[in-house]
Amino acid sequence: MKRLPLEEVVHRLDRVVESSPCTETELGWIEIVRAGVSTGSRGLVPPHAETTVLVRVREAERIGVYQTGAGSVGELSSAVRQALVQSRGQSPCPWRCPPAPAQERVETGTQRVDREVATMEPETARQRLERLAREGESARFDWTVGRVVLANSRGLAQQAAATCISLEVKCPGTAGVGRAAAAARSLEGLHPETVFDRARKRHAGELHDSPESSPKDCAVVLSPEAVISLLELLNYHALSARSFRQGTSVLRAAVGRQVFDPGLTLIDDGTREAGLPFPFDLCGYAKKPMELVRNGKLLTPAVDQELAQRLELPPTPHAVAVEDSRPSHLWARAEGVDEQELLRRADDGLWIGWLERTECFDATNGRFRTLARGVRRIEKGRLGRGVPDLLWEGTLPDIFSRFLAVGEELVCLPVEDGFRGGISAPAVALPAGNGRMAGSAPSRRRTPPPSSSEPLPSPPAPSSRATPPGPAPPASGGNTRPPRGAGAAKHQRRDPPQSRRAATPPAAADLAERVE
């Protein structure tokens, strides 16, 4: 697939910035090539490219933003003029842009490109999967090659490229199905054999439990993949700068307070090798390790320039779009508790392998619902019979405020656009009283959020995992069509975890009072 050389991309952005009529101009070129393949004859997604250019201008103390998929100098100059038009309808901005980041270009040594992934052919990847998979097992490779080029009128010129490959393995069956996933910058760092072994170890086989006899209020052990799904919700709906600015974060009044279990420490580290590292954010600021939650105490959310003025906190290098900042390399610190000890502490409880159709339907109170899959009983400190899928509804602060133990093995999965970062987490054991669980329903229709006395509803339309989106379109005006190729592939990540306001039952209201 032919792509523009990086030198040509840099040249085009420099020309557009130099010719801009605005006081300040910022351009971000994001180019992604995706491909995927799975076992079986129909699991091939050929490589396809997407290009998104983000534009932000400042003129007369007003800011305008625009997003386009075009790439020629003329089209990019037109996008700058569109952003200028948008700025004229905005109120004067109360905050000033920060000093320009370091003007040196990123050195070649900081590029995170694995040649084997970048040149991988789908048929070669399929053959590799078929050699590893046993009869009845399904497996899938998804890989991404991405490039980011930034330029602005303050002298910034940054560029970086990275690869990301992820593997998902699923055993056959309907209840207690074994599943495992992982992601890395290189095929060597992915360790595919380990992922297959982890899925097989979690598989219940033919030992199934009936839905009626399954415990509903008991201790739970969440696999690393399940913890990552919940951390994604927390990251998008509670730790992002946008959620704080809009007042929808359940942690909006909790900065500096102990709101989580002392065993929870969340760090954003774009330099960590095992966490899909990337050298800078979309404003060009270098990534660095930063504690967001230390021993259960919230230190800071992601902070952009506007939020920095409100909270009197320094800005953080977490820009992911023209109007939002959120952590892109989140990891929950592991502790030295092995899986056998986790299961022992949650004896007579449930193991949850992964979560699907996850949504945060009341972000202000952190309420979520999801479909728990790969569920098994924990019997005498070991994984026992498989349990049919369960609908689970709870609140994020409750989940992360009471731990029995935190595991020792970290798993990393990609977020955002699949190559600029990931979330890493260990398994976690939770005590009883973590929301409501019920047998899953066959209906896939959306239903309104329940009152506290209503039965648990059916989940929303299925998706592999609820994942925050890539670069967001402008809040008002501008070109809001998706970038070229967006949504073309079935495996591509789509909508963010959904958030819609709902009537708040008494339990959720009590929760909101705890963090305000």
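As a reminder, the structure under discussion sits directly above these lines.
The text that follows walks through the structure, step by step, so that each part is easy to find. (Residues numbered from 1 in each chain as written. Predicted model: local features only at pLDDT ≥ 70, side-chain atom pairs only at ≥ 80, totals over all residues. Heavy atoms only, no water.)

### Looking at the environment of A70
Line of reasoning, step 1. If you trace the backbone, A70 turns up in the loop between β3 (62-68) and α2 (73-88).
Line of reasoning, step 2. Separated by 18 residues in the primary sequence, A70 and T52 place their C-alpha atoms 7.5 Å from one another. (Helix = DSSP H or I, 4+ residues; strand = E, 2+ residues; numbered from the N terminus.)

### Details of the nonpolar core
Line of reasoning, step 1. By size, the foremost hydrophobic cluster in this structure holds 55 residues, and its most contacted members are L230, L251, I352 and F400.
Line of reasoning, step 2. Top element by residues in this core is helix α7 (residues 224-238). It accounts for 8 residues.
Line of reasoning, step 3. Not counting residues up to four positions away in its chain, the partners in contact with I352 are V220, V221, L222, S223, A226, A372, R373, G374, V375, W392 and M437. (Core = buried A, V, L, I, M, F, W, Y, C linked by side-chain atoms within 4.5 Å. Buried < 20%, exposed > 50% of the residue type's maximum accessible area, 1.4 Å probe, protein only. Contact = heavy atoms within 4.5 Å.)

### Section: the pattern of salt bridges
Line of reasoning, step 1. On inspection of all chains with the given rule, the structure shows 30 salt bridges.
Line of reasoning, step 2. Here R112 makes a salt bridge to E273, at a shortest N to O gap of 2.7 Å. Note that R112 is positioned in the loop between α2 and α3 (115-118) and E273 in the loop between β8 (266-268) and β9 (290-294), a separation of 161 residues in sequence.
Line of reasoning, step 3. Overall, the relative accessible area of 57% leaves E273 in the exposed class.
Line of reasoning, step 4. In this structure, E379 and R385 form a salt bridge, with 2.8 Å as the shortest nitrogen-oxygen distance. (Salt bridge = Lys/Arg side-chain N within 4 Å of Asp/Glu carboxyl O.)

### What about the sheet that holds strand β24 (residues 436-439)?
Line of reasoning, step 1. Pairing within the open sheet is antiparallel, and its 4 strands lie in the order β15-β16-β19-β24. The open sheet has two edge strands with one neighbour each: β15 (354-362) and β24. Pairs of neighbouring strands in the sheet enclose a mean axial angle of 20°, with direction left out of account.
Line of reasoning, step 2. Alignment of β15 against strand β16 (residues 367-373), held across 5 bridges, turns out to be antiparallel. Bridged to W354 within β16 is R373. (Pairing = 2+ DSSP bridges. Axes fitted to C-alpha atoms, helices over the stretch in contact; angles between N-to-C directions.)

The analysis is restricted to geometry; functional conclusions fall outside its scope.
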